[in-house]
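One letter stands for each residue in the lines below.
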Amino acid sequence: PPPGEPAPPPAEPAPAAPAEPVAAAVPAEPAVPTPPPLTQKPYPGLFDMPTAGTAQPMGATLSADGVNFAVYAAPECLGVHLCIWKPEDLKAGKEPTVEIPLDPTTNRTGNTWHIHLPKASDQMLYGYRINGQKDQHKGHHFDWENILLDPYAKAVLSGDRKKYGEQSAMCQVGEECWPQYAGAVPSRQDNFDWEGVTSPKYDLSELCVYECHVRGLTAQEGGGTYDDIIPKLPYFKRMGFNALELLPIHEFNELEYYTPNPVTGEMRYNFWGYSTVNFFSPKQLYAKSAGDDCGRAANREFKTLVKECHRNGIEVILDVVFNHTAEGNERGLSLSFRGLDNRTYYMVAPEGQFYNYSGCGNTFNCNHPLVREFICDCLKYWVTEYHIDGFRFDLASILTRAPSNWQTPNDEGHPGTGMENNEIGVGEALPDPPLIAAISNDPILGKVKLIAEAWDAGGLYQVGNFPHYGKWAEWNGRFRDDTRNFIRGFDGYAGIFAECLCGSPTLYSQGGRKPHHTVNFITCHDGFTLRDLVSYNEKHNEANGEDNQDGEESNLSWNCGLGPHEDGINATPVAKMLRDRQMRNFFTALFVAQGVPMIYMGDEYGHTKGGNNNTYCHDNEMNWMDWGIAKDPVKNAGLSRFMRLMRAFKARQPALRLSEFPNENNIKWHGHEPDQPMWDETSRFVAFTVKSHEAGAEDSETLYVAFNAHHLPAKVVLPNPPDGCAWRMVSDSALQPPYDFLDADDIPAQSKAAAEAMIRPSLASNVYTVMDRASVVLRAERVAPLPPPPVPEVPAATAAPAAAPAAEAPPAEAAPPPQAPPAQ
């Protein structure tokens, strides 16, 4: 399968179309192996005589006097063995310490196999052997030789591996990267003290999201673990990031692509982690305590990170990948799901081919009833056990596709969907997807943050149309693309950009959604960093070892020079200075727009990946945070300071956090002259004033914001400030730091006074020059107290009790910018 997570599609994607199944070579069908006789007996030191057990709950769970095991397997499964290792035997690469055959008459309820081990030791690891016929044509991949990981395993070990990036020392040649996986049984001693610390539980509208990678945050300093992030939390707090969106931390194998890079000579890794092995357990090798206490210590280390985030007022959002797994296509690995019930867990076409809507070889069969229950169980476990605040769903459009169901064949005898008498085809987008409905209506999951990446690799693009049930937010890919095009100076985007600044009401106002349901971003982990977005016209992925053929071709970027020859460090001094200004423009757009802002790790200080827009395979400085630059505003040319102050400005300005979409009562559009917006095709100028009239925002200031994406300065006549107020400079991206953000307390008083004195006459005359490719923010500061309302003279004899103040008029119905042309 193609490595890494697929890049997001362009703003105007092709219509959705079913993915073509991957053709499969048909192997000879082996005979069904004959399992050993059914004998169950105690194992001294590990457990007493096994009993029947129960079918619920799934996984390995504590009972009153032992451990119960329950696992689902396909109806065609002929037999199951529970395999038990002592930890030292698994690390030594040995066969299971003991195997317990399950009796289909006493250890099976429906399609769930179960057994109970009384007096079970907590120093045990487990997996399952599944017996059945391997039949490619019928979609079965049973393999008695494989010992499978329980999908519900809560802690996972991989052979003797205890350190990120190191191969197993005990495996046979060729298997060093994939030693045996095993789950840990639960322990009565596995307790965690949350110390009364609870989540801040911010409203979604209050968030500023920081997309980051657990290892990438601290690997440069020799760390790379959950524990190493904790000392960095004060930095995130100071910068104003109150939600960490962690790239996948579910168990995955970073050695999945472990081959020499022909260009750099380094080894290639699955760095990002979008290739899940187990959904219930945190990645073991992200823990400083990896391997300890049968893997349970890593769980406690991750809980400690979540607790300390909450203690610092920071929420934790997990990037979850329920669209595919690490098992690849029908010729791939058999680690867990495939060996238990291949054609239930995956979307499998006739003759056993795989549908590939994920672009990574397989597609998780999300809306199959059993898989839907599995996903909901998993999400609820992370909320209740780990106190997770929300989830970002990778390629979430797959979660809306109709399943393949081999138990309900269509008229042609092929797998149907079981929906509306199979009138709905496999893979079709469902208007009311059972999985999305179940998550949205769940009493636990319906109360956490739910964020969709509303597209997939099969062409289904649902930005603004994702089935949301009034609860789901979306990564707004249109905001990203349209803002990039306007800021780099493309014609025809003035009205479209204005729509973005309003929170994209055309996309999100229908169905009761609000401005906070758009997660606005300029960059994310896949694609250019912010620095590279303004430094490269073309991608430079040569270091990936794929002849620069991988990664997105269309990046909507501009190197601020005269052509590709000025990419990167080859630019002129003028182009390099303009790059810093453009990054400040992007931050201004992000924070003055209605909606939830998201920043990608390192963008706050201008991190570069050298023009590589697909760094999935690099465990090096490309993907590592550079704390020396991040914490030093001098080294990062004041960019981190500008971003931090702009974030704080948004947080204290109600006008930039409206609960409803802007309308003619609170926003006015301007051009070079007040109240004369410039929506023509060649316009590259957008300006507006905005003020909140909502309850609780009585002290809201009127703000003026202008963007000039033209290559020439614009002399602008400002609208009159409100009575008793005067315009005061907040920021001007054309100025050098620290004067680029002037409305701050960290500038020496004398220097600040001198700078304001130079600007004050112009602002007092309601005139200001917005420089070429610059953005300006002003606020109307009150310079005279409001006069008290007149007291009416009422004769004493006829005086009456004072009437209650009139209720404020309700705001007008939300609407996009009134004069703006429709989005193109």
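As the structure is a prediction and not an experimental result, all values here were calculated from the model.

### Considering the overall build of the protein
Moving on, step 1. Helix and strand counts for the protein come out as 16 helices and 30 strands.
Moving on, step 2. For 824 residues, the compact-globule formula gives about 28 Å, and the C-alpha radius of gyration of the protein, at 29 Å, lands near that figure.
Moving on, step 3. Each principal axis of the C-alpha atoms in the protein carries an extent, and together these give about 100 × 80 × 55 Å.
Moving on, step 4. Out of the 824 residues in the protein, the part that is buried amounts to 60%.

### A few points about the sheet that holds strand 24 (residues 667-670)
Moving on, step 1. Overall, antiparallel pairing links the five strands, which are arranged 24-25-26-30-28 in an open sheet. Single-partner strands in this sheet number two, and they are strand 24 and strand 28 (725-732). Taken over all neighbouring pairs, the strand axes of this sheet differ in orientation by 20° on average, direction set aside.
Moving on, step 2. Judged from the seven bridges that link them, strand 28 and strand 30 (residues 774-782) form a sheet pairing that is antiparallel. Along strand 30, the bridge assignment pairs Trp-727 with Ala-780.
Moving on, step 3. Running at roughly 30° to strand 25 (residues 685-690), helix 10 (residues 494-501) makes contact with strand 24, strand 25 and strand 26 (703-708) of the sheet.
Moving on, step 4. Of the strands in this sheet, strand 28 and strand 30 are in contact with helix 16 (residues 749-764), which crosses strand 28 at around 120°.

### Details of the pairing of strand 11 (residues 181-184)
Moving on, step 1. Burial of strand 11 is two-sided: the residues Tyr-181 and Gly-183 facing one way and the residues Ala-182 and Ala-184 facing the other way are all buried.
Moving on, step 2. Sheet topology places strand 7 (residues 125-131) next to strand 11; two bridges connect them, and they run antiparallel. Residue Leu-125 lies in a different strand from strand 11, and its bridge partner there is Ala-184.
Moving on, step 3. Note that strand 10 (residues 156-158) and strand 11 share three bridges and pair antiparallel. The residue bridging Leu-157 from the neighbouring strand is Ala-182, located in strand 11.

### Re the environment of Cys-177
Moving on, step 1. Examined against the element boundaries, Cys-177 turns out to sit in the loop between strand 10 and strand 11.
Moving on, step 2. Cys-177 sits in the buried class, given a relative accessible area of 12%.
Moving on, step 3. Distance in space between the C-alpha atoms of Cys-177 and Tyr-258 is 7.5 Å, their sequence separation being 81 residues.

### Notes on the nonpolar core
Moving on, step 1. Formed by 200 residues in total, the largest nonpolar core has its most connected members in Phe-69, Phe-236, Phe-302, Phe-391 and Phe-393.
Moving on, step 2. Considering every element that reaches this core, the biggest residue donor is helix 7 (residues 369-386), with ten residues.
Moving on, step 3. Each residue touching Phe-391, except ones within four places of it in the same chain, is listed here: Ile-317, Leu-318, Val-320, Leu-379, Trp-382, Val-383, Leu-445, Val-448, Lys-449, Leu-450 and Ile-451.

### A short note on the packing of helix 9 (residues 477-487) against helix 10
Moving on, step 1. The N-to-C vectors of helix 9 and helix 10 enclose an angle of 135°; their axes lie 9 Å apart at closest approach. With respect to helix 10, the axis of helix 9 lies oblique. Between helix 9 and helix 10 lies a crossing whose hand is left-handed. Residues Arg-478, Phe-479, Asp-482, Thr-483 and Phe-486 of helix 9 lie in contact with helix 10, whose contacting residues are Ala-494, Ile-496, Phe-497 and Cys-500.
Moving on, step 2. Looking at the contact of helix 9 with helix 10, its residues break down into six nonpolar, one polar and two charged.

### Overview of the pattern of salt bridges
Moving on, step 1. Overall, the coordinates contain 44 salt bridges when judged by the stated rule.
Moving on, step 2. Here Arg-513 ties to Glu-474 by a salt bridge, and the two come within 3.0 Å at their closest N and O atoms. Residue Arg-513 is located in the loop between helix 11 (505-508) and strand 22 (518-521), and its partner Glu-474 is located in strand 21 (residues 472-475); the two are separated by 39 residues in the primary sequence.
Moving on, step 3. By relative accessible area, which is 2% here, Arg-513 ends up buried.
Moving on, step 4. Judged by relative accessible area, Glu-474 falls into the buried class, the value being 0%.
Moving on, step 5. The residue Asp-491 makes a salt bridge to Arg-684 at a minimum N-O spacing of 2.8 Å. Here Asp-491, found in the loop between helix 9 and helix 10, pairs with Arg-684, found in the loop between strand 24 and strand 25; they are 193 residues apart in sequence, far enough to count as distant.
Moving on, step 6. Salt bridges sharing common partners tie together Glu-701, Arg-728, Asp-743, Glu-756, Arg-779 and Glu-781.

### Observations regarding the side chain of Asn-613
Moving on, step 1. Within the secondary structure, Asn-613 is located in the loop between strand 23 (596-600) and helix 14 (627-630).
Moving on, step 2. Judged by its relative accessible area of 4%, Asn-613 falls in the buried class.
Moving on, step 3. Among the polar contacts listed, one links the side chain of Asn-613 to the side chain of Asn-555, at a separation of 3.0 Å.
Moving on, step 4. Here Asn-613 is in contact with Asp-526, Gly-527, Phe-528, Lys-539, Asn-541, Asp-550, Gly-551, Glu-552 and Asn-555, once residues within four sequence places are set aside.

### So, the state of the cysteines
Moving on, step 1. With the rule as written, the count across this model stands at zero disulfides.
Moving on, step 2. Between Cys-524, a cysteine without a disulfide, and Cys-212, which holds the nearest cysteine sulfur, the sulfur-to-sulfur distance is 13 Å.

### Concerning the packing of aromatic side chains
Moving on, step 1. Summed over all chains, the structure comprises 52 aromatic pairs.
Moving on, step 2. Ring geometry for Phe-280 and Phe-374: centres 5.7 Å apart, planes at 65°, overall edge-to-face. Of the two residues, Phe-280 is situated in strand 15 (residues 276-282) and Phe-374 in helix 7; the sequence distance between them amounts to 94 residues. Taken individually, Phe-280 and Phe-374 each receive the classification buried, so the pair is uniform in this respect.

### Observations regarding helix 5 (residues 296-311)
Moving on, step 1. End to end, helix 5 covers 23 Å across 16 residues, agreeing with the expected 22 Å (1.5 Å per residue, within 8%).
Moving on, step 2. Within helix 5, 13 of the 16 residues are buried, leaving the element largely enclosed by the surrounding structure.
Moving on, step 3. The positive-phi residue at the C-terminal boundary of helix 5 is Gly-313, with phi of around 75°.

### As for the sheet that holds strand 3 (residues 79-85)
Moving on, step 1. One open sheet accounts for five strands, arranged 4-3-7-11-10; its pairing is antiparallel. The strands lining the two open edges of the sheet, one partner per strand, are strand 4 (98-101) and strand 10. Each adjacent strand pair in this sheet contributes to an overall mean axis angle of 35°, direction not counted.

### Some points on the side chain of Thr-218
Moving on, step 1. One can find Thr-218 in helix 2 (residues 214-218).
Moving on, step 2. Discounting residues that sit within four places of it in the chain, Thr-218 has contacts with Gly-223, Gly-224, Thr-225, Asp-228, Ile-229, Lys-232 and Trp-627.

### A few points about the confidence of the model for the protein
Moving on, step 1. Across the protein, pLDDT averages 92, with 91% of residues at or above 70.
Moving on, step 2. Within the model, pLDDT remains below 50 along residues 1-27, and this stretch shows 75 contacts once partners closer than five positions in the same chain are excluded.
Moving on, step 3. Segment residues 797-824 is flagged for pLDDT under 50; beyond a separation of four residues in sequence, or across chains, it makes 36 contacts in the model.

### Some words on the pairing of strand 25
Moving on, step 1. Among the six residues that make up strand 25, six are buried, leaving the element largely enclosed by the rest of the structure.
Moving on, step 2. The alternating pattern of strand 25 places Phe-685, Ala-687 and Thr-689 and Val-686, Phe-688 and Val-690 on opposite faces, both of which are buried.
Moving on, step 3. Direction of pairing for strand 24 relative to strand 25: antiparallel, over a ladder of four bridges. Residue pairing for strand 25: His-670 is matched across the bridge by Ala-687.
Moving on, step 4. In terms of strand pairing, strand 25 meets strand 26 through six bridges, oriented antiparallel. By the bridge assignment for strand 26, Phe-685 is matched with Asn-708.

Reading guide: rules and limits
- Residues numbered from 1 in each chain as written.
- Predicted model: local features only at pLDDT ≥ 70, side-chain atom pairs only at ≥ 80, totals over all residues.
- Heavy atoms only, no water.
- Helix = DSSP H or I, 4+ residues; strand = E, 2+ residues; numbered from the N terminus.
- Rg over C-alpha atoms; globule rule 2.2 N^0.38 Å.
- Buried < 20%, exposed > 50% of the residue type's maximum accessible area, 1.4 Å probe, protein only.
- Pairing = 2+ DSSP bridges.
- Axes fitted to C-alpha atoms, helices over the stretch in contact; angles between N-to-C directions.
- Contact = heavy atoms within 4.5 Å.
- Core = buried A, V, L, I, M, F, W, Y, C linked by side-chain atoms within 4.5 Å.
- Parallel < 35°, antiparallel > 145°, perpendicular 65-115°, else oblique.
- Left-handed = near helix turned anticlockwise from the far one by under 90°.
- Nonpolar A, V, L, I, M, F, W, Y, C, P; charged D, E, K, R; others polar.
- Salt bridge = Lys/Arg side-chain N within 4 Å of Asp/Glu carboxyl O.
- Polar contact = N/O pair within 3.5 Å; in protein donor to acceptor, adjacent residues only side chain to side chain.
- Disulfide = S-S within 2.5 Å.
- Phe/Tyr/Trp six-rings, centres within 6.5 Å; stacked < 30°, edge-to-face > 60°.
- Expected span 1.5 Å × (residues − 1).
- pLDDT = per-residue confidence, 0-100.

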